[in-house]
Amino acid sequence: MMGNHEYAVGVEWTGNRGSGTSGYREYGRQVLLYGTDKPPLEGSADPTFHGDVDRWNPEELLVAALAQCHLLSYLHSAVRAGVVVTDYVDRATGAMRQRGEGGSFVEVVLHPEVTVADASMVDAALTAHAEASRNCFIAASVNFPVRHEPVIRVAC
């Protein structure tokens with residue numbers, strides 16, 4: 001499993017309203033994201049930038065990638081620590097600062113709510129978040145803080 005890995009995705013602009021990019025308000029921001037053997041994902045710009053509220057925007061996808069990467073890294077760390085996770089939900093948030101026509105993220109905060117099988121696992125479940133953070137490829141690839149505010153619950 002060591003070594004280099006490559007990922008290929010396609011992005012297709014579907015927002016030509018007939019006159020292309022003849023003006024800033026003359027074109028739609030609709031896109032299709034696709035990969036081999038995957039259903040297409042409908043994307044757009046953030047509504048602030050004339051996008052569609054009912055489609056995923058790149059900023060949401062970045063936050064989702066960080067949350068999903070942490071979740072998957074966490075599950076692996078939990079197994080290594082002997083923690084039996086029975087449920088995991090995250091409602092991640094990201095903050096972006098606009099500067100001129102561009103901008104950048106200033107932080108993402110993950111809010112994982114983890115349920116474990118036994119009360120004896122709570123401390124190890126909390127500690128596993130630090131290991132998962134170190135092992136998340138996406139978090140290691142961004143230049144802004146990715147913080148974690150986990151809650152650990154014990155299954156009834």
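Data block above holds the structure.
Residues numbered from 1 in each chain as written. Predicted model: local features only at pLDDT ≥ 70, side-chain atom pairs only at ≥ 80, totals over all residues. Heavy atoms only, no water.

Trainee: How would you sum up the side chain of Arg55? Please name residues and give values.
Mentor: Structurally, Arg55 can be placed in the loop between strand 3 (41–43) and helix 1 (58–81). Once residues within four sequence positions are removed from consideration, Arg55 is found in contact with Thr14, Gln30, Val31, Glu42, Gly43, Ser44 and Glu60. (Helix = DSSP H or I, 4+ residues; strand = E, 2+ residues; numbered from the N terminus. Contact = heavy atoms within 4.5 Å.)

Trainee: So what's going on with the pattern of salt bridges? Residues and values would help.
Mentor: Per the counting criterion, the structure on display carries 7 salt bridges. In this structure, Glu42 engages Arg55 in a salt bridge whose closest nitrogen and oxygen atoms are separated by 3.9 Å. Linking Glu42 in strand 3 with Arg55 in the loop between strand 3 and helix 1, this pair joins segments that are 13 residues apart in sequence. When its relative accessible area of 42% is taken as the criterion, Glu42 is described as partly exposed. For Glu131, the salt bridge goes to Arg80, with nearest N and O atoms at 3.2 Å. (Salt bridge = Lys/Arg side-chain N within 4 Å of Asp/Glu carboxyl O. Buried < 20%, exposed > 50% of the residue type's maximum accessible area, 1.4 Å probe, protein only.)

Trainee: A description of the sheet that holds strand 8 (residues 146–148) should follow, citing residues and the corresponding values.
Mentor: On the basis of which strands lie adjacent, the open sheet formed by 3 strands has the order 5-6-8 and mixed pairing. Both edges of this open sheet fall to strand 5 (93–99) and strand 8, since each of them pairs with a single strand only. Sheet twist, expressed as the mean angle between neighbouring strand axes with direction ignored, is 20 degrees. Here strand 5 pairs with strand 6 (residues 102–110) via 7 bridges, running antiparallel. Across the sheet, the residue bridging to Met96 is Phe105, located in strand 6. Relative to strand 6, helix 1 is tilted by about 30 degrees, and along the sheet it contacts strand 5, strand 6 and strand 8. (Pairing = 2+ DSSP bridges. Axes fitted to C-alpha atoms, helices over the stretch in contact; angles between N-to-C directions.)

These values are about where atoms sit, not about what they do.
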